Amino acid sequence: MVLFHMDQQIEQLRAEALAALASAGDEAALEAVRVKYLGRTGSISGLSEAMKSLSKEDKPRIGKLLNEARTAVGGAIDARKAALEAERDAKALSGIDLTLPGTPLPVGAIHPITQLLDRAIQIFRQMGFALADGPDIETEWHCFDALNTPPDHPARNEQDTFYLPDGRLLRTQTSTVQVRTMEQFAPPVRIIAPGGVYRRDEVDATHLAQFTQIEGLYVDEGVTLGDLKGTIEYFFRELLGRDVQVRMRPHFFPFTEPSFEIDIKAAALGRGDRWLELAGCGMVDPAVFQEMNRKRGDTAYDPEKYTGFAFGFGLDRLAMILSGVSDIRLFTENDVRFLAQYR
Ligand code: DAH
């Protein structure tokens, strides 16, 4: 009697559950049905509990019926769920023609200055220069004093440099990274330091108040002016081609002695027979080494033992010439129509 009763009960629960599913209109309703029939305290699970009281002969048959009911209800839940999802997708997509082409996003390109910078870094790395970095907001000491540039030097004038209220400034040259490198590392050092620099320039087609420099520093025993010249020549030959000519003109920088300006000539520059004035360089002034020793509190930069060369140049003008840009302001306007041309 109990047996007959259980057969019927299973059949009834199964029919009930399937009917409830057919009318379940969303996922929450589906979940409610699942909990009600298949959940740990659900009615089909309840019957499994009741099976304990069955005789050995009846157990397999009833067990099988229960399993079938469970599988049928579970399968029906999954099917209904898929049907609901399909319905929702169909609704969302109705009226949309998926065969139409999409709307392309405007794609930019690597900025011409970054392209030049990447190439420059690559060439210097071939010569064993490591990449160094420093902050754009600097102390006066790193930008000037440590570089043998006295307080009455015109570069320190308020009209030439951006000062912050706390006395710090936006670096006017990447030479600050020479100082930071020597503070941290004893010789030998061989680094390049690319980055942004800032000056109070009137902005026009050939000037910005912010531009990009790359700095180099090599300090070791026996570094000579010949090494400096060789390094510069190799760099520009790699960058611009075999026909490059390099000229060094005596000049003055507070932190190098002797100092030079570097001019170059190359067909790639498209300027005919004209020299392009490009970089500053020289042999690190012993006064800079002495100031480094004072700051470090040691004699790591013994000027009797070590010599070094340093150089620095702006990348913007070179990038303008190489990429055919006649107005430097285009470099900072972030106009995708401009940038997309450098893909
Ligand atoms: N910092 C200089 C400038 O902005 C360029 C320069 C000259 C850098 C000589 C150097 C150097 O490292 O030795 O004009």
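Residues numbered from 1 in each chain as written. Predicted model: local features only at pLDDT ≥ 70, side-chain atom pairs only at ≥ 80, totals over all residues. Heavy atoms only, no water.

Some words on the domain arrangement of the protein
Next, step 1: By the assigned domains, the protein splits into domain 1 (2-93) and domain 2 (112-342).
Next, step 2: Its C-alpha centre places domain 1 at a distance of 77 Å from the equivalent point of domain 2. (Domains from an automatic or database assignment.)

With respect to the pattern of salt bridges
Next, step 1: Counted according to the given criterion, the structure contains 22 salt bridges.
Next, step 2: A salt bridge links D145 to R156, with the nearest nitrogen and oxygen atoms 3.2 Å apart. With D145 in the loop between α6 (140-143) and β3 (169-170) and R156 in the loop between α6 and β3, this pair connects stretches of sequence that are 11 residues apart.
Next, step 3: What makes R156 buried here is its relative accessible area of 10%.
Next, step 4: K265 serves as the salt-bridge partner of D273, at 3.1 Å between the closest nitrogen and oxygen.
Next, step 5: Residue classification places D273 among the exposed positions, given a relative accessible area of 64%.
Next, step 6: Within this structure, R247, R249, E261, D263 and E277 form a network of salt bridges that share partners. (Salt bridge = Lys/Arg side-chain N within 4 Å of Asp/Glu carboxyl O. Helix = DSSP H or I, 4+ residues; strand = E, 2+ residues; numbered from the N terminus. Buried < 20%, exposed > 50% of the residue type's maximum accessible area, 1.4 Å probe, protein only.)

A closer look at helix α4 (residues 59-93)
Next, step 1: In this model α4 runs 51 Å from its N-terminal to its C-terminal C-alpha over 35 residues, within 8% of the 51 Å that 1.5 Å per residue would give.
Next, step 2: Of the positions making up α4, those classed as buried are I62, G63, L66, A69, V73, I77 and L84. (Expected span 1.5 Å × (residues − 1).)

Here's the deal with the packing of aromatic side chains
Each aromatic ring pair is described using two quantities: the centre-to-centre distance and the angle formed by the ring planes.
Next, step 1: In this structure the tally under the stated criterion is 14 aromatic pairs.
Next, step 2: Between F338 and Y342, the aromatic rings sit 5.3 Å apart at their centres with planes inclined by 65 degrees, giving edge-to-face as the arrangement.
Next, step 3: The buried category is assigned to F338, whose relative accessible area is 7%.
Next, step 4: Aromatic ring contacts, followed pair by pair, group F124, F129, Y218, F235, F236, F309, F311 and F313 into a single cluster.
Next, step 5: The ring of Y218 carries R190 above its face, with NZ or CZ at 4.8 Å from the centroid.
Next, step 6: Lying over the aromatic face of W141, K295 brings its terminal NZ or CZ to 4.2 Å of the ring centre. (Phe/Tyr/Trp six-rings, centres within 6.5 Å; stacked < 30°, edge-to-face > 60°. Lys NZ or Arg CZ within 6 Å of the ring centre and 35° of its normal.)

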